[in-house]
Amino acid sequence: MKYSSFSPARIWTLASATVTQLVRMKILAFLLVFCVIVVGAGFAFPVMNPEQQLKLLKDVSFGALQIFSIVIAIVATSLLLPRDLEDRTLYTILSKPVPRFEYLLGKLLGVLVLIGVGLILMDIAFSAVLWLRQTMVLAQSIGALKQEGVATPEAVAQLNEFVGKQGLTWNVHFGVLAIFLKASVIAALALMISCFSTSTLFTVVITFCVTIIGHGQSLIREYFLQGHFSNVIEKLLSALLAIVTPDLGVFDVVDNVINGELVSSASIGLMLGTTALYLVGYSVVSHLLFVEKEL
Amino acid sequence: MKRHLQALVVLLLLGSVKLPLEESVTQHLRAAKLLSKPIDLGIRESVGQMSFAAALGGLRSLIASITYLRAYRAWENIEWAKVDSLFQITTRLQPRYQNYWDEASWHMAYNAASSYLYNEDIEPMVRGKFYADYIQRGIDILNEGLRFLPDDARLWNALAEIYDRRVHDPKKAAECYLEVHRISHNDRYARFAGYQYAQTSDPELWQKAYTLLKTAYYKKQRQPSVIEQIKNLEDKLKLPLMQRIPEKRQALEQPQGMIRPTQ
Amino acid sequence: MPEPAPSPPAVTVENLTKVFKSGLGKQAFVAVRDLSLTVQPGEVYGLIGPNGSGKSTTMKAILGLLSPTQGRTSIFGKSSTEVESRRDVGFLPENPYFYKHLNGLETLMFYGRLCSMSGRDLKEKAREMLVMTGLEDAADRRVSGFSKGMLQRLGLAQALLHQPRLIVLDEPTAGVDPAGSRKIRDLIMGFKERGITVLVTSHLLEQIQEVCDRVGIMAHGRMVREGRLEDLIAVENETELVLADASPELLAQIKTLIETQGGGAKLVRSGHSRTTLERLFLEATEETK
Ligand SMILES: Nc1ncnc2c1ncn2[C@@H]1O[C@H](COP(=O)(O)OP(=O)(O)OP(=O)(O)O)[C@@H](O)[C@H]1O
Ligand SMILES: [Mg+2]
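Residues numbered from 1 in each chain as written. Chains lettered and ligands numbered in written order. Predicted model: local features only at pLDDT ≥ 70, side-chain atom pairs only at ≥ 80, totals over all residues. Heavy atoms only, no water.

Draft legend 1. Representation of the overall build of chain C. A count of helices and strands for chain C gives nine helices and ten strands. Here the C-alpha coordinates of chain C stretch approximately 75 × 45 × 45 Å along the principal axes. Counting over 289 residues, chain C shows a buried share of 47%. Long-range pairs, those at least 24 residues apart, make up 69% of the contacts in chain C with a sequence separation of at least 6. As displayed, chain C has an accessible area near 14900 Å², and 50% of this comes from carbon and sulfur atoms. Once the 36 positive and 36 negative side-chain charges of chain C are each reduced to a mean point, those two points are 8 Å apart. (Helix = DSSP H or I, 4+ residues; strand = E, 2+ residues; numbered from the N terminus. Buried < 20%, exposed > 50% of the residue type's maximum accessible area, 1.4 Å probe, protein only. Contact = heavy atoms within 4.5 Å. Areas by Shrake-Rupley, 256 points an atom, 1.4 Å probe, with all protein chains shown as cover. Lys, Arg positive; Asp, Glu negative; His and termini not counted. Charge placed at Lys NZ, Arg CZ, Asp CG, Glu CD.)

Here it is as structure tokens:
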């Protein structure tokens with residue numbers, strides 16, 4: 001048996017155990033709730049104008065996707081370490097030739113796989129409802145035009161364009177990708193915090209706070225970089241906040257994706273890069289905190 | 001303990017390195033119109049703390065949808081001031097979504113204005129004032145929207161229609177239609193601009209109208225209305241016969257011809 | 001430092017001290033104090049001591065689960081701080097527990113994969129371990145439904161799965177019924193025969209006595225006695241006389257015989273017979289109080 005100090009197979013073993021562990025916690029019950037919300041949003045408010053109906057469907061669905069991914073990222077990740085520690089499974093795992101960073105990576109990967117699969121499933125459900133709704137809305141509107149006798153090719157083309165822009169496009173899936181990237185950063189953050197925290201509740205609360213601040217981090221950062229603060233204490237405090245929290249706003253392209261803005265590959269690259277930076281950074285810090293943790 | 005210090009150092013180092021990176025990524029994504037400008041802090045009182053936090057947390061579009069629904073409800077209850085203020089919040093949350101501006105102005109310039117105009121409970125003098133005020137409000141909303149979306153054909157078109165149908169200012173309507181044409185390259189709007197210019201009382205603008213319509217004519221857009229309007233303008237501009245379009249010449253040469261004479 | 005031997009000791013603990021800091025302001029607690037021990041390859045070493053004497057802490061330090069405050073520990077010459085040191089060791093922690101969503105076989109497969117085992121080899125080995133520990137009926141049952149003794153046996157199977165050269169068992173017989181604990185004792189005997197090194201703690205002294213080559217007795221974080229079992233128990237100038245069905249009259253006669261014709265010999269103690277290790281244990285751990 002050859003021993004290697006880094007083994008993707010071991011990490012994958014840990015990750016898949018984590019996924020089943022989380023799935024057995026019934027965490028994916030969220031998916032059902034999500035489907036109900038999407039279908040509800042898709043068929044509620046039939047009186048509004050067609051574009052707005054589709055926008056609302058997307059708003060509600062993306063909102064649910066974001067909430068799902070963030071809640072799972074925070075809660076599931078915060079549970080992992082304390083649970084293994086309480087169940088003492090950590091003793092048996094770490095008494096095998098498993099480096100501690102592999103254990104951490106396995107856990108993180110497990111959460112990411114879970115969130116990723118959850119998002120893909122939800123994306124499929126949501127895309128189906130959106131497509132269905134789009135077809136219905138279009139047929140309805142063209143029917144209305146015909147009834148009024150104004151269904152000129154130009155009018156129909158314009159309607160097609162408006163509805164198409166609000167309907168299902170590839171771009172929509174890039175929005176889901178951005179949501180996934182944000183959730184990954186939050187999961188890495190939660191894992192880092194759980195490496196020094198002493199209770200699950202503490203991890204959840206702190207991660208939640210950092211997540212909220214992270215969404216407003218660009219405001220704080222810009223105020224700091226542009227020297228808006230004159231007070232020294234304000235300056236230090238804002239600098240510290242901007243330094244220790246991630247800029248989660250970077251991933252908030254969804255609003256504009258819903259609006260039909262195209263996600264360029266450069267933008268995807270930048271978001272991926274930012275995510276990688278945070279993941280690597282937080283994993284290194286997690287490792288440093290965890291490597292000498294008393295079990 | 002030593003490791004904890006190392007961890008802190010790494011965290012702070014990473015934090016300081018990432019600041020400029022985050023800043024440039026944000027700028028790039030904003031330039032690509034993927035990220036919105038920072039949210040207007042003044043909106044906090046109007047939407048409430050919870051919604052404001054949610055809007056910060058990447059749910060801005062959803063919150064906008066909710067205020068939109070509230071505005072929709074207010075419209076159903078014919079509460080015009082509320083419709084206006086809720087749409088104001090909605091557009092401030094998502095200024096780059098043209099549909100909100102379009103609908104907000106439509107509610108003001110058409111629905112609210114007409115509703116006041118035909119409200120028997122109000123003094124006739126006041127009614128007229130309200131009518132004009134709400135149309136102006138619709139125009140203001142579109143102009144504000146155009147500050148965020150200067151290249152939005154739909155908003156220009158909406159503005160053109162208000163000038164045409166509500167204010168009866170053909171010169172301004174024509175200018176707006178020309179903007180639509182500039183953006184959409186749809187010749188239909190150049191024609192519309194031509195029609196509007198033709199309705200003014202300024203001979204210089206008639207000339208503009210004539211040029212626009214003749215262009216349309218040469219692009220083989222020869223709907224009866226175009227031809228009629230061109231003939232009309234040729235009369236008004238008193239053009240020599242030889243410069244006129246063939247349809248006109250034919251009509252003059254054989255008055256009993258297939259084509260309906262002008263006037 | 002001992003001269004580089006062809007095979008290094010299976011376990012070395014050098015001057016291990018472990019202090020637990022319990023939050024700011026509160027007093028630190030010394031769980032293990034300047035402890036040294038060596039376990040040679042092929043040896044069965046028993047570590048005994050009262051509750052809270054630091055046995056489990058020592059084992060965790062050996063396995064790198066805790067970092068020593070002072071001192072060093074190593075396995076087969078590799079420091080416990082290196083992950084590689086855990087390649088050849090199987091560990092059964094006290095009151096082991098496993099992922100409750102897995103069944104018996106899946107649990108073993110999981111640990112096998114962590115030891116870089118895979119494929120049919122792993123599956124066969126896992127089944128073999130289940131049979132060996134008497135869990136073959138529980139292969140398809142979720143761990144959440146396991147009894148205490150079953151968990152203990154699964155823990156043992158998990159520790160043996162990758163055929164380690166050293167096995168560290170923390171109270172392997174806790175919660176196991178007499179037949180089961182007898183089986184575990186037999187297993188340990190089997191390891192000894194196969195040349196596998198065993199480091200074991202237990203409260204069941206008879207068992208330790210039967211299987212251990214050497215024992216260490218810990219009290220209050222210190223090693224108070226250590227050595228080969230026979231050497232420890234044997235007391236040079238004492239002789240033991242164990243009688244069965246002795247009448248009080250006979251005992252009285254013996255007493256007077258010693259007093260009258262003993263020639264300086266003294267009766268140190270009389271009473272019901274105790275296992276010798278138990279006596280030693282009580283004496284040794286009480287004198288340090
Ligand atoms: N993580 C910890 N934090 C603080 N104190 C600890 C910790 N782990 C163990 N201790 C303390 O260290 C002492 C030794 O504990 P240890 O578990 O090593 O005892 P033990 O000899 O295994 O006892 P037992 O026979 O009951 O298993 C105990 O007093 C215990 O309270
Ligand atoms: Mg113990």
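Draft legend 2. Region of the structure containing the interface of chain A and chain B. Each side of the interface is counted separately: chain A has 61 residues, and chain B has 49 residues. Its largest share of buried area at the contact with chain B, chain A owes to Ile-243, Asp-255 and Leu-288 of chain A, together 13% of the area lost on that side. Here chain A is connected to chain B by four salt bridges. Among the ionic pairs, Arg-30 of chain B bridges to Glu-222 of chain A, the shortest N-O distance being 3.4 Å. Seen at the junction of chain A and chain B, the total is 22 residue pairs in polar contact (both at pLDDT 80 or more). At the level of secondary structure, the elements contributing two or more residues to the side of chain A that touches chain B comprise helix 3 (50-86), helix 6 (153-166), helix 7 (170-196), helix 9 (217-225), helix 10 (232-244), helix 11 (254-258) and helix 12 (265-290) of chain A. When residues of the side of chain A that touches chain B are assigned to their parent elements, the largest contribution, 13 residues, is made by helix 12 of chain A. (Buried area = accessible area lost by both parts, 1.4 Å probe. Salt bridge = Lys/Arg side-chain N within 4 Å of Asp/Glu carboxyl O. Polar contact = N/O pair within 3.5 Å; in protein donor to acceptor, adjacent residues only side chain to side chain.)

Draft legend 3. Focus on the coordination of the magnesium ion (ligand 2). Of the protein atoms, only Ser-56 of chain C (OG) and Glu-94 of chain C (OE) coordinate the magnesium ion (ligand 2), at distances of 1.9 to 2.5 Å. Taken together, the residues Ser-56 of chain C in helix 1 (residues 55-62) and Glu-94 of chain C in the loop between strand 6 (89-92) and helix 2 (104-114) connect sequence positions 38 residues apart. (Donors = N, O, S within 2.8 Å, 3.2 Å for Na, K, Ca; no water.)

Draft legend 4. Geometry of the site of ligand 1. Residue and element names in this part refer to chain C. Contacts to ligand 1 come from 14 residues, most closely from Asn-51, Gly-52, Lys-55, Ser-56 and Thr-57. For ligand 1, an oxygen atom lies 3.2 Å from a polar atom in the backbone of Ser-53. Put simply, the parts of the chain that give the shell around ligand 1 at least two residues each are strand 2 (29-39) and helix 1. Here the shell around ligand 1 gets three residues from one element, more than from any other, and that element is helix 1. By residue class, the composition of the shell around ligand 1 is four nonpolar, seven polar and three charged. (Near = heavy atom within 4 Å. Nonpolar A, V, L, I, M, F, W, Y, C, P; charged D, E, K, R; others polar.)

Draft legend 5. Region of the structure containing the packing of aromatic side chains. Scanning the model with the defined rule gives 21 aromatic pairs over all chains in all. Aromatic pair Tyr-177 of chain B and Phe-192 of chain B: ring centres 5.3 Å apart, planes at 70°, arrangement edge-to-face. Taken as a pair, Tyr-177 of chain B in helix 8 (residues 170-184) and Phe-192 of chain B in helix 9 (residues 187-198) lie far apart in primary sequence, 15 residues in all. For Phe-192 of chain B, a relative accessible area of 22% corresponds to the partly exposed category. The interplanar angle of 80° and the centroid separation of 5.8 Å between the aromatic rings of Phe-98 of chain C and Tyr-111 of chain C together place this pair among those described as edge-to-face. Within this pair, whereas Phe-98 of chain C is found in the loop between strand 6 and helix 2, its partner Tyr-111 of chain C is found in helix 2, the two being separated by 13 residues in sequence. With respect to class, Phe-98 of chain C is no different from Tyr-111 of chain C; both count as buried. Site record: aromatic cluster; members linked through ring pairs are Tyr-68, Tyr-72, Trp-75, Phe-87, Tyr-97, Tyr-100 and Trp-106 of chain B. The ring of Tyr-97 of chain B has Lys-55 of chain A lying over it, and the distance from NZ or CZ to the ring centre is 4.9 Å. (Phe/Tyr/Trp six-rings, centres within 6.5 Å; stacked < 30°, edge-to-face > 60°. Lys NZ or Arg CZ within 6 Å of the ring centre and 35° of its normal.)

Draft legend 6. Quick look at the pattern of salt bridges. With the rule as written, the count across this model stands at 29 salt bridges over all chains. The salt bridge involving Lys-129 of chain B is made with Asp-133 of chain B; its shortest N-O contact spans 2.7 Å. Here Lys-129 of chain B and its partner Asp-133 of chain B are both found in helix 6 (residues 124-148), four residues apart, which amounts to about one turn of the helix. By relative accessible area, Asp-133 of chain B is classed as partly exposed at 34%. A single network of salt bridges, built from pairs that share partners, joins Arg-221, Glu-222 and Asp-247 of chain A together with Lys-18, Glu-22, Glu-23 and Arg-30 of chain B.

Purely geometric numbers; function is a separate question.
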